[in-house]
Amino acid sequence: MAELDSGGGGNHKGGKVRSKKQSTRVDMTPMVDLMFLLITFFMLTTTLAKPQAMDLAMPDKDDVNPNEQLDVADTRTMTVLLGNANRIEWFIGIAGNSLTPPTVENFGKNGIRKTIIGKAKDIKAATGKDMIIIIKPSDKSNYKNLVDILDEMKITNTKQYAIVDISAPEVDLLKRDKIY
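Now for a quick tour of the structure.

Here is what the cut-offs are and how they apply
- Residues numbered from 1 in each chain as written.
- Predicted model: local features only at pLDDT ≥ 70, side-chain atom pairs only at ≥ 80, totals over all residues.
- Heavy atoms only, no water.
- Salt bridge = Lys/Arg side-chain N within 4 Å of Asp/Glu carboxyl O.
- Buried < 20%, exposed > 50% of the residue type's maximum accessible area, 1.4 Å probe, protein only.
- Axes fitted to C-alpha atoms, helices over the stretch in contact; angles between N-to-C directions.
- Helix = DSSP H or I, 4+ residues; strand = E, 2+ residues; numbered from the N terminus.
- Parallel < 35°, antiparallel > 145°, perpendicular 65-115°, else oblique.
- Left-handed = near helix turned anticlockwise from the far one by under 90°.
- Contact = heavy atoms within 4.5 Å.
- Pairing = 2+ DSSP bridges.
- Right-handed = clockwise from strand over helix to strand, strands pointing away.
- Patch = residues over 30% accessible without salt bridge, like charges linked within 9 Å, V, L, I, M, F, W, Y side chains within 5 Å.
- Areas by Shrake-Rupley, 256 points an atom, 1.4 Å probe, with all protein chains shown as cover.

### Observations concerning the pattern of salt bridges
Right, on to step 1. The tally for this structure, following the rule as stated, stands at five salt bridges.
Right, on to step 2. The closest approach of N and O atoms between Asp 177 and Arg 176, which form a salt bridge, is 3.3 Å.
Right, on to step 3. The exposed category is assigned to Arg 176, whose relative accessible area is 51%.

### Some remarks on the packing of helix H2 (residues 112–127) against helix H3 (residues 143–155)
Right, on to step 1. Close contact between H2 and H3 brings their axes to 10 Å; oriented N to C, the two are set at 40°. It follows that H2 is oblique to H3 by the angle criterion. For the pair H2 and H3, the sense of crossing is right-handed. In contact with Ile 112, Arg 113 and Ile 116 of H2, H3 contributes Ile 149, Glu 152, Met 153 and Ile 155.

### Points about the pairing of strand E8 (residues 160–163)
Residues in a regular strand project their side chains so that they alternate between the two faces of the sheet.
Right, on to step 1. In this sheet, E8 lies alongside strand E7 (residues 132–137) in parallel orientation, the contact comprising four bridges. Each residue of the ladder has a partner; that of Ile 133, found in E8, is Tyr 161.
Right, on to step 2. Handedness of the β-α-β unit built from E7, H3 and E8 comes out right-handed.

### Overview of a nonpolar patch on the surface
Right, on to step 1. Together, Val 26, Met 28, Met 31, Val 32, Met 35, Phe 36, Ile 39 and Met 43 give the surface a local cluster of nonpolar side chains, amounting to about 790 Å² of exposed area.
Right, on to step 2. Topologically, Met 43 is positioned in helix H1 (residues 29–45).

Spelled out as structure tokens, the structure:
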């Protein structure tokens, strides 16, 4: 609502004739009400950012046989060791008796992703079965490294992978290559 005050001007005797100055005053109450209605409307109708999560199926703990492990052929198993400074070491087979020499890689499309895709094709051609990747984070790796390698599993469409505790020979391997 706008109000007009007509209380100015000159009723002075004997001077110049001046026109009356009218001051305007705008009542802001309806504007504030409208603002709060709009804020409420947009807060209730907007979509908030949804958390991004990846489904990860983990087996149940076996209380009867806690140390029982599934035997997997060394020829189709790639072990990925997560070191410090965003570095990865991988090999095919088992530590100490690997079929390929341990190799240090980085994350990304020219690093571990290229290796996973190439080795998966080689193993599929040789054995007729899919490659299994065993991910072993070290004490020096961080959470981001684990999330990054899980993203690589999703990007490369790796069907079988596992997150396993790292062993002492594998820690020694990381120390030897100065990424522990």
